[in-house]
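Structure assessment
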Amino acid sequence: TGNVTIGGNLTIGDEAADNLVIAAGIGSSLIPSQDSIFDLGSSTASWKSLFIDEIFVDSIEINTNYIRVVDSNADLELRASGTGNIYVPSNNVVIDNNLTVNGTTNLAIVNISGDLSHVGNYTQTGDTSITGSVNITQQLTVGAAAQFEDIKIDGNVLRTTLSNSNLELIAN
């Protein structure tokens, strides 16, 4: 019993088969003597679980319920390996800033509040509902019939969808 203070360098064990068992709590920080030199575990001897409040890995911070980049104006990338995908299984993703999508993206239910800017081709399969205005500044090509309230355009035919109603063409 009592306290022991040892100064200088200390080596415990002389081969990998030796074990160091610490029954007491650690009352200080564990800081390596050199930066980015030593490992904690290995590819064949890993630690089972890590219980911590926050972690910093290079310029990434993981703290409670968020992951962020600590470098100013840096991007955070999520990448799958090979042909793998990144899944968000709960289907309740909220993006309250800009979202840029490059490549092909399959989306189920999407609610957009605010502006949507689209550059390139757009293929829609299924129904689309739009509340508000749509501004088209170039050509609109529709490969099937299109309906605007009570007016339907199908091929070269323009007609009303209500029985016994008139179709009026009025010039300004």
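Further up the page is the structure itself.
Positions within a chain are numbered from 1, following the residues in the order the chain's sequence is written. pLDDT decides what is reported in this predicted model: residues at 70 or higher carry local features, side-chain atom pairs at 80 or more are listed and counted, and totals for whole chains, interfaces and linings draw on all residues regardless. Only heavy atoms go into the side-chain values, all of them from the structure, while hydrogens and water stay out.

In this section: the pattern of salt bridges. Once their charged atoms are close, side chains differing in charge can pair, the charge on each being opposite to the other. Salt bridge criterion: a side-chain nitrogen from Lys or Arg within 4 Å of a carboxyl oxygen from Asp or Glu. Applying the stated rule across the entire model yields two salt bridges. Put simply, arginine 68 and glutamate 61 hold a salt bridge, and the shortest N to O gap is 2.5 Å. For glutamate 61, a relative accessible area of 4% gives the class buried. Of the charged contacts, one joins glutamate 77 and arginine 79 as a salt bridge, the two residues approaching to 2.5 Å between their closest N and O atoms. Here arginine 79 falls in the exposed class, since its relative accessible area comes to 69%. Think of it in three bands: with a 1.4 Å probe and only protein chains considered, a residue is buried below 20% of the maximum accessible area for its type, exposed above 50%, and partly exposed in between.

Two strands make a pair as long as DSSP finds a minimum of two bridges between them. Under the DSSP-based scheme used, a helix requires at least four consecutive residues in state H or I and a strand at least two consecutive residues in state E, with every element numbered from the N terminus. Read across the sheet, three strands follow the order β4-β5-β6 without closing on themselves; strand pairing throughout is antiparallel. Edge positions in the sheet fall to β4 (146–148) and β6 (157–160), since each has one partner strand and no second. Here the strands of the sheet are splayed against their neighbours by 20° on average, with no regard to which way each runs. Judged from the four bridges that link them, strand β5 (residues 151–154) and β6 form a sheet pairing that is antiparallel. By the bridge assignment for β6, aspartate 154 is matched with valine 157. Axes, fitted as lines to C-alpha atoms, cover a helix only where it is in contact. Angles between the N-to-C directions of the axes lie from 0 to 180 degrees.

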